[in-house]
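Breakdown of the fold
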Protein chains: 2
Amino acid sequence: MDLRQLRYFTAVARERNFTRAAERLHIAQPPLSRQIQLLEEELGVSLIHRKSRPIKLTDAGRLFYEQALQVLGRIDQMKDATRRVGLHRNKVLSIGFVASTLYGGLPLLIRKLRQNAPELDIQLLEMLSIQQIAALKEGRIDLGFGRLKHSDPNIHSTVMREERLVAALAQDTELARDIAPLPLAALSGQKLIVYPKEPRPSYADQILTLLQDEDVRPSEVLEVREIQTALGLVAADSGISIIPASARQMRSDVLYRLIDGPRAFSPVILNHRAGDSSRYLVLVKQLIRDMYAENPPWLEANNIHPLPAEGGSPGAAEN
Amino acid sequence: MDLRQLRYFTAVARERNFTRAAERLHIAQPPLSRQIQLLEEELGVSLIHRKSRPIKLTDAGRLFYEQALQVLGRIDQMKDATRRVGLHRNKVLSIGFVASTLYGGLPLLIRKLRQNAPELDIQLLEMLSIQQIAALKEGRIDLGFGRLKHSDPNIHSTVMREERLVAALAQDTELARDIAPLPLAALSGQKLIVYPKEPRPSYADQILTLLQDEDVRPSEVLEVREIQTALGLVAADSGISIIPASARQMRSDVLYRLIDGPRAFSPVILNHRAGDSSRYLVLVKQLIRDMYAENPPWLEANNIHPLPAEGGSPGAAEN
DNA sequence: TTACTATCATACCCTCAGGGTATAGTGAGC
DNA sequence: GCTCACTATACCCTGAGGGTATGATAGTAA
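By convention here, each chain's residues receive numbers from 1 onward along its written sequence. Written order determines the labels here, with chains lettered from A and ligands numbered from 1. In keeping with the model being predicted, local features are shown solely for residues with a pLDDT of at least 70 and side-chain atom pairs are shown and tallied solely at 80 or more, while totals for entire chains, interfaces and linings include all residues. Computation of side-chain values: all heavy atoms of the structure, hydrogens and water removed.

**Description of the packing of aromatic side chains**
Residue and element names in this part refer to chain A. The criterion for an aromatic pair is that two Phe, Tyr or Trp rings (for Trp, the six-membered ring) have centres within 6.5 Å, with stacked assigned to planes under 30 degrees apart, edge-to-face to planes over 60 apart and tilted to the rest. Counted by the stated rule, this structure contains 4 aromatic pairs over all chains. Pairing Phe 9 with Phe 64 gives two aromatic rings, centres 5.5 Å apart and planes at 70°, and the pair type is edge-to-face. A residue pair is termed long-range when its members are at least 10 positions apart, and Phe 9 in helix H1 (residues 3-15) and Phe 64 in helix H4 (residues 59-86) qualify at 55 residues. Considered together, Phe 9 and Phe 64 belong to a single accessibility category, that of buried residues. Helix and strand definitions follow DSSP, with helices as H or I runs of at least four residues and strands as E runs of at least two, each counted in order from the N terminus. Using a 1.4 Å probe on the protein chains alone, a residue whose accessible area is under 20% of its type maximum counts as buried, one over 50% counts as exposed, and one in between counts as partly exposed.

**Notes on the protein's contact with DNA strand C**
Neighbouring DNA strand C are 23 residues, the closest being Thr19(A), Ser33(A), Arg50(A), Tyr8(B) and Ala28(B). Only heavy atoms are used to decide nearness, and a residue is near a molecule or strand if one of them lies within 4 Å of it. Considering DNA strand C, the proportion of its atoms within 4 Å of the protein that are sugar or phosphate atoms stands at 61%. Within the side chain of Arg34(B), an N or O atom sits 2.9 Å from a base nitrogen of DNA strand C. Mapped onto the surface near DNA strand C, the elements with two or more residues apiece are helix H2 (18-25) and helix H3 (29-43) of chain A together with helix H1 (3-15) and helix H3 (29-43) of chain B. We call two N or O atoms a polar contact when they sit within 3.5 Å, provided that within protein one can donate a hydrogen and the other can accept it, with sequence-adjacent residues counted only if both atoms are side-chain atoms.

**Quick notes on the domain arrangement of chain A**
Residue and element names in this part refer to chain A. As assigned here, chain A comprises domain 1 (3-86), domain 2 (93-160 + 273-306) and domain 3 (163-265). Each domain's extent is set by a domain assignment, obtained either automatically or from a database. For domain 2 and domain 3, the distance between their C-alpha centres works out to 25 Å. Listed as interface residues are 13 residues of domain 2 and, on the opposing side, 19 residues of domain 3. Summed over both partners, buried area is the accessible surface (1.4 Å probe) that two parts give up on being assembled. Carbon and sulfur atoms make up 63% of the area that domain 2 and domain 3 hide from each other, which totals about 1400 Å². Contacts are assigned to residue pairs that have any heavy atoms within 4.5 Å of one another.

**A few points about helix H9 (residues 279-294) of chain B**
All names here are of chain B. For a helix, the expected span equals 1.5 Å multiplied by the residue count minus one. A rise of 1.5 Å per residue sets the reference length of H9, with its 16 residues, at 22 Å; its end C-alpha atoms lie 22 Å apart and thus fit the reference within 8%. Every buried residue belonging to H9 is among Tyr 280, Leu 281, Leu 283, Val 284, Lys 285, Leu 287, Ile 288, Arg 289, Met 291 and Tyr 292, and all of these are buried. Measuring from the backbone nitrogen of Tyr 280 back to the side-chain oxygen at the start of H9 gives 2.9 Å, which picks out Ser 278 as the cap.

**Quick word on the interface of chain B and chain A**
With 48 residues of chain B in contact, the opposing surface of chain A contributes 49 residues. Among the residues chain B hides against chain A, the three largest losses belong to Leu63(B), Arg74(B) and Met78(B). Together they make up 13% of the total. Every case where a carboxyl oxygen of Asp or Glu lies within 4 Å of a side-chain nitrogen of Lys or Arg is listed as a salt bridge. Counting across the interface, chain B meets chain A through 8 salt bridges. Ionic pairing is found between Glu66(B) and Arg140(A), a salt bridge with its closest N-O pair at 2.9 Å.

**Here's the deal with the side chain of Ser100(A)**
Residues and elements named next belong to chain A. Within the element layout of this structure, Ser 100 appears in the loop between strand S3 (91-97) and helix H5 (106-116). A polar side-chain atom of Ser 100 sits 2.7 Å from a polar atom in the side chain of Arg 147. If we skip the residues at most four places from it in the chain, Ser 100 touches Arg 147, Pro 244 and Ser 246.

**Points about the pairing of strand S5 (residues 143-146) of chain A**
Residues and elements named next belong to chain A. Every second residue of S5 is oriented toward a common face, with Leu 143 and Phe 145 on one face and Gly 144 and Gly 146 on the other, all of them buried. As paired strands, S3 and S5 are joined by 3 bridges and run parallel to one another. When the sheet's bridge partners are listed, Ile 95 is paired in S5 with Leu 143. Each pair of strands is called paired provided DSSP finds at least two bridges between the two strands.

**So, unusual backbone geometry**
Residue and element names in this part refer to chain A. A cis amide bond links Tyr 195 to the next residue, Pro 196, at an omega of -15°. On the secondary structure map, Pro 196 appears in the loop between strand S8 (191-194) and helix H7 (203-213). The phi dihedral of Arg 16 falls on the positive side, at around 55°, and the residue is not glycine. Taking the relative accessible area as the measure of exposure, Arg 16 reaches 33% and is therefore partly exposed.

**Thoughts on the confidence of the model for chain A**
For every residue, the predictor reports its confidence as pLDDT, a number between 0 and 100. Looking at chain A as a whole, its pLDDT mean stands at 84, while 92% of the residues score no less than 70. In this model residues 304-319 of chain A is a low-confidence stretch, pLDDT under 50, and it forms 35 contacts with partners more than four residues away in sequence or in other chains.

**A few points about the layout of surface pockets**
Residues and elements named next belong to chain B. When its volume is computed, the second largest pocket comes out at roughly 760 Å³. In this structure, the second largest pocket is lined by 29 residues; those nearest its centre are Ala 99, Glu 126, Met 127, Leu 128 and Gln 131. When residues of the lining of the second largest pocket are traced back to their parent elements, those giving at least two are helix H6 (129-137) and helix H8 (227-235). Taken together, the residues of the lining of the second largest pocket sort by class into 17 nonpolar, 5 polar and 7 charged. Each of domain 2 (91-160 + 267-306) and domain 3 (164-265) accounts for three or more of the residues forming the lining of the second largest pocket. Residues are called lining when one of their atoms sits within 4 Å of a cavity or pocket point, these points coming from a 1 Å grid over the protein atoms alone, where a cavity is a set in which a 1.4 Å probe fits but cannot get out and a pocket is an open set with protein on both sides within 12 Å along at least five of seven lines. Grid points are joined across faces, edges and corners, and a volume is the space filled by probe spheres set on the points. Side-chain classes follow a simple rule in which Ala, Val, Leu, Ile, Met, Phe, Trp, Tyr, Cys and Pro form the nonpolar group, Asp, Glu, Lys and Arg form the charged group, and the remainder, Gly included, forms the polar group.

**Here's the deal with the relation of the copies chain B and chain A**
Alignment of copies: least-squares fit on C-alpha atoms of residues with pLDDT of at least 70 in both copies. Each copy of the sequence occupies a distinct position, and chain B is placed on chain A by a rotation of 180° and an axial shift of 0.0 Å, giving an RMSD of 0.1 Å. On this basis, the relationship between the two copies can be described by a two-fold rotation axis. No C-alpha of chain B lies nearer the rotation axis than that of Leu3(B), which sits 3.0 Å from it. Both copies contact each other with a shared surface, as 100% of the interface residues of chain B are interface residues in chain A too.

**A few points about the protein's contact with DNA strand D**
Residues in close proximity to DNA strand D total 22 residues, the closest being Tyr8(A), Ala28(A), Thr19(B), Ser33(B) and Arg50(B). Each atom of DNA strand D within 4 Å of the protein belongs either to a base or to sugar and phosphate, the latter forming 59%. Measuring from a phosphate oxygen of DNA strand D, one finds a side-chain N or O atom of Gln37(B) at 3.4 Å. Partitioned by chemical class, the residues of the surface near DNA strand D number 7 nonpolar, 8 polar and 7 charged.

**Quick notes on the pattern of salt bridges**
Across all of its chains, the model carries 44 salt bridges over all chains by this definition. For Glu42(B), the salt bridge identified is with Lys79(A), shortest N-O distance 3.3 Å. Remark: Lys79(A) occurs in helix H4 and Glu42(B) occurs in helix H3; the pair is interchain, linking two chains. Since its relative accessible area comes to 13%, Lys79(A) is described here as buried. Residues Glu163(B) and Arg147(B) are paired through a salt bridge, measuring 2.8 Å at the closest nitrogen-oxygen approach. Placement of Glu163(B) in strand S6 (residues 155-169) and of Arg147(B) in the loop between strand S5 (143-146) and S6 is noted, with a sequence separation of 16 residues between them. Classification of Arg147(B) as buried rests on a relative accessible area of 4%. Overlapping salt bridges, with partners in common, bring together Asp59(A), Arg62(A), Lys91(B), Asp142(B), Arg273(B) and Asp276(B) in one network.

Pasting the structure below:
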C-alpha cells in the first residue's frame, strides 16, 4: 500500500466520481481507476459500489475512508512538527507514561507544561515501566512516569507519591457488600486477576510480591495483558483485581474498596537519564511541586499520600 | 512523501545502521541512503547525524521516528479493520459526537456496546452538531451525539437529557468568592467567552440566544474555536465561559458555579437517519435506557436531569 | 425499447522513479 | 597513519505508474 493510493481513494470518495477526482488530482481517469483496483485487490475487499451512479462506498469503504483521512492528516501534522523542530523553532520533550497516570496528575502536568513552555513539542508515548528504562537509555524518551522501582545506575528516579491500592470487585458479590477498607488477608482464597502479563517484571509482580510477603494466597491467579481487560473480567465476575486508586475512573460498573495495610500502596515514579540537566526537566520538576502544593481535588479524591519530604524543597526525597 | 520512505527510515532508526537496515529491508544499501536523503530533502530537515558511528538521530529525527511508527501501526490496523468488515466478519457503526459528551455517558455507552456487540467495529468521529447532520445524510456516520436542535426532516432526533450549565470562572475573581448557583443576570457586564467560532449555528449561538432572551448583556463577547481554548482564557482571567456541567472535568484550575434558571440547560441529542432501522441503532437506544436506569454516579455528579419520560418506555420523548 | 450521455473499465504504450552494482569517501580505534 | 566498517556517489536498468484511445454500462428521456 501506498500513500498515493490513500490520497486517490479519498479524492474518489469525496467526489463520488472517478472523472472529477482524476481532474482534481491532475491525472487521467484510467490510472486512477487502476490504482483503486490495486488497492481493493491488496485489501481483498471491495471499497466502492460501481454499479450505481453516482458511485457509493461499501461499508468497508466508508471505514477505510474515514481512517485514511485521519492518517493523511496525521502525516501532515508529523511533517510540520518535524520541520518546526528541525528548524530550531521548537524543542521536543518525549514523555513515557504508564496508562494509569492518565487518571492522575499527568494531564494537568501536560497542560501546565504547554502553558509554561509553548515552544515545546510534547510527545506522549504510553509504555510500561521497564520499557521506559530502555527507552530512556536509547534516547527515545526524555522522561518517564512509571510504577516500578529499578536499579539501573544510568537512570535517576524520584518517587513522586504513594498511591493507595484498591480492590476492584464485581457488583453483588460477597466482598462488595461492605464499602469499608478491605484487609489484604481478605483476598486469600479468591480468584485474582493481575496485569500486565508481559514484559516482566511489571506491576503484576509488584502485586504478587506484596501478597506473598503478607502471606496471602489467592486460589487462582489470572494474568491478562492490560488493566482494561482486568476490569472487564472483574465486571464479568471472573475475579478480583488490584489497581491504583486513581484508575477507578476507568470503569464505573465495578465496585472499588480501598485496601488496608501499611504496604498497600503503589508509587508513581519519575525516571530520567542520570546527568540530564535539560531546562525542561527542571521545569517539569518545578511544575510537579507546584501541583502538589496546590493540593488539587484529585489528590484527595484518589486517596493519594504525597510523600512528606516532597512539595517544598527541591531535590528532596530523590532517588 | 511515501510510506516506503517511512518504512525505510524506521528501519534505519531501529538498526542505527544503514547497511543492516538495507539487509533487513531486502534492498541494497545505496538506494536506502538515497531514499533517506530524499526524505530529509522534502522535509528540509536533517533527521540523522551521520558524522558519528553508530549514527544518531537528531531531535527532529527522534520525533519523526516515533510518529512514523505510530502512523505505520495505524495503517496496519486500518487494513485489518477494513478486511474484517469487507469479509462480513464485522459490521461498522460510525458515531459522531461533540467533544463534551466524552465527559458524560459516551465512554460507558461505548464500553457497553462493545460488550453487547463484540463483532462491531465502532468508529468514533469528533464533530460539531451541525456537521453531524450533514455527515448522517452522506452516510459518513450512522449516529450522532450533539447539542443542537435542528429541523431537517431526514434526520430523526431524540433529546436524551438536559444537562445543567455551569459558569467557568477564573480563580480569585469576584464571582468566584461564592459557590452557590449563579443567576444568569450576574453575567451582565462581564466579558463572555463562547465557542465554537465556526461553523455556525453552534453551541455558541445557543448560549448567546439564551442570554439575549433573558436580556443579559455581556460587556464583550469573545469567540474562540474550541472549549479548551475557552477554558484556557478563563484560567488566564480573560473572561467567563459557559459550559455543560460534565465538561468541568476538563480543567481543574478554574472554578465552576452552576447557573440558575429554568432555561440554563443544554440538551444532549441523539441524531440518526429517519428510517434507519439497523439492529445496532435499536441496541444503542436500549443501552442508553439501561444506563439511565442504572442511574450511575456521573449523572448526579454532573447535575444532569434525565427527562421524566425517558428511562423506561421505549420510544417515549423522541423527536 | 431505443438512443443518448455521462462515466468507469480495458488495452496498450512510454517514461522516469527506484533499485542494482561498482567504487570512492570517511569516522573510529589501534 | 593504517585499517576496518560503513556511508555517499556515479551510473545503469527495469517495471510501476501515468497517458491516450476506446469499449462497456447505468441512468434518462422520448
